[in-house]
Every structure is written in C-alpha cells, then in structure tokens.
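Coordinate analysis (summary)
Next come the chains, spelled out residue by residue.
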Amino acid sequence: MTSTGQVHDHGGGVRSIEVPIPDNPLGTTLVYVVDTDRGPVLVDTGWDDPASWDTLVAGLDACGTQVGEVHGVLITHHHPDHHGLSGRVREASGAWLAMHAADTAIVRRARSTEPGRWLTYMTAKLAAAGAPEEHLAPLRAARPRSVPGLAPALPDREIVPGELLALPGRRLRAIWTPGHTPGHVCLHLEEDHPAQLPGHGRLFSGDHLLPEITPHIGLYEDPDDTTIADPLGDYLDSLERVGRLAPAEVLPAHQHTFTDAPGRVRELLTHHEDRLTGLLALLSEPLTAWQVAERMEWNRPWAQIPFPSRNIAVSEAEAHLRRLVKLGQAEVVTGSEPVTYVAV
C-alpha cells in the first residue's frame, strides 16, 4: 500500500481517502474509491461538513479523478459519518446511491419524523431505562431543531444481499451483516489480492469489523416500531458469517486495514461473551438498564462520560440485556417501572 497524505493506494484499483468527522474521537471515515469500467464508485462518503466535503473533493483529485466523475455510491449503513455526504456527491455527479432496504427504511422515516417527535421518544425511552431526572431534564427542556443525520439523502438503488453488484469490470458481492444497524452490509471483493496475500479477496467491512475497537451495538431506535429486536444476537451471527469468508484483507471504514479476519472475529465474540457473563453476575438483584450501564466497563469511568455518550451506553447495555433475555438467562421484572432485569 502506498500513501500520500490523506489518500492511500491499496492496489488493484482501490484507494481510500481519510475524510474527517468533526468533534469525534474516531477522527476520520475511510472512504474507498473503487475503479470500475464506468468510472469510480465510492464505498461510503463521510460526514456532511464543509471541511469533510473539501477533503473528499481534494482526495478524489489526488486519486486522478473528480467528484463529477463518480459513477455510484455504495453505502455500508445509514449513519451520518458514512452516508452524510452522499447527497452532495449525487448532486455533483448524478451518481446513483445504493443501500440495504432495512437502512433505506430508516432514512425514509428519519426524513419524515419531526425532530420534536424524536426528542419525546428518546426522553420516554431513557425514563423507562431508569435515567435520573438530572439527565432527563435537559431533554425535556430542549427545543426541537434540525439534527445531523435526520434529513439524509434517500438512496435510489437497493443493495441486495448475496448478489453481485452492478459494477462493470469488478466482482463485488453484498453480505448482509445486521447488528450495528439493521441494514449494515459488508462488500466482498471477489478478486485475487493485488499483493497475493492468502485468503479470499478483500472485504469492505464498514463498521462491522474494525481492527482495534468494538462497534456500538445498541437498540434500533424507531418511534413507530414496537418490535423487540435482538441487535446483539444479529451482530454475533453476522460476525461468524464474515469470519467464515476468511478474506485476505479487511478494509474497514475507520482506523486501518488488517488481515486475519477470523482472528479478529474470535476476539469480538469473546469480548461480548465475557460482557454477557459479567452482566449476568450483576443481575443477582433487579437493575435498570441505566444502572447496568453505570456498572459496565467503558473506555473511561462513568462520571467522565458526556451525557450524549451515556445515551449510547444505555442503548448498548439494553441490547446486551435483551440478548440475555432471549437466551433465557434473564427476565424483565413484571410490572417494574422503570423497567428492571434480573437473572433467572
């Protein structure tokens, strides 16, 4: 692999551009530029921010192309650090945008749901999870406003799992990997590795498989959906599926490329198994999702976690609790308000 500043050449007609994410510890999204016989196709686009847009445009220039020449955009999932700039790319180039139907449905709902409805919904969810009043009060007092990611571009093509994508001159197959989002996809480039590394092609893994961090697995938030989903169960099943692919190299959306996907999958499976075991020990007494989140191990002490990040942590705690319920190892305490869980 060769690098020039924010642009990396991975060989075989694949490059990446480090597109910044404003005010985020992840730092950047790796936007991949895949050469095809019809022009460049992007895998993700980055956050909708002027500096991010300028970086993407400059990166495409450094790749020897221009944003106006982009033929299409493949979106691994709907989050704004991946899908944010897709609309601007389409406006500049006429490119098609493709996404899995489950995430397209989320985009459609986000575009039609008023910000005030989201605030009301999130406040009620956090209250049911046992959030204290000092956490809920700012949400109750907040004025509805436009939030990044709530007016994303609507895709015009569907990524169908198992099918080869319509990229002339390339063999790229969609792998459905729900968990991080309901419609997250990995994209398997079924071509020999340009450096002849052992394994089966290369995998654009989005946020599903990252080299050093564990992707957030929380609840699929939707004010109109009362389905009791099991996103952690979905994620663990998806991980095993990707491990069996055994790609020669993984090209993730954050951090850096890496090999030994099966080894990384085993690490992540063990991580979540250990977490579930630890949570089960906590549930010797009834606890709310908020109380569980306070006791879980994060990348910093609970007292140092900012309020918005606590919402994400509680969502992740609840996803793990739902997994324990589905496994028959824990149950919701009947009639509890806020909702509490206890080991069976």
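Residues numbered from 1 in each chain as written. Predicted model: local features only at pLDDT ≥ 70, side-chain atom pairs only at ≥ 80, totals over all residues. Heavy atoms only, no water.

**Considerations on helix 5 (residues 115–128)**
Across its 14 residues, helix 5 extends 20 Å between first and last C-alpha, which sits within 8% of the 20 Å expected from 1.5 Å per residue. When helix 5 is considered as a whole, its buried residues turn out to be Trp 118, Tyr 121, Thr 123 and Leu 126. Those residues of helix 5 that are buried lie in contact with helix 4 (101–112), helix 6 (133–141) and helix 10 (307–326). Positive backbone phi, approximately 95 degrees, marks Gly 130, located one or two places after helix 5. (Helix = DSSP H or I, 4+ residues; strand = E, 2+ residues; numbered from the N terminus. Expected span 1.5 Å × (residues − 1). Buried < 20%, exposed > 50% of the residue type's maximum accessible area, 1.4 Å probe, protein only. Contact = heavy atoms within 4.5 Å.)

**Overview of helix 6**
Taken together, the buried positions of helix 6 are occupied by His 135, Leu 136 and Leu 139. In an axial view of helix 6, the angular spread of the buried residues amounts to 85 degrees, which keeps them on one side of the axis. Facing away from the buried surface of helix 6 by more than 90 degrees, the exposed residues are Glu 134 and Ala 141. The inward-facing, buried residues of helix 6 abut helix 5, helix 9 (289–295) and helix 10. (Arc of directions from axis to C-beta.)

**Overview of the sheet that holds strand 14 (residues 330–332)**
Consider a sheet: its strands pair through backbone hydrogen bonds, and that pairing is either parallel or antiparallel. The strand order across the open sheet built from three strands is 13-15-14, with neighbouring strands paired in antiparallel fashion. Two strands in the sheet have a free side with no partner beyond their single neighbour: strand 13 (287–288) and strand 14. (Pairing = 2+ DSSP bridges.)

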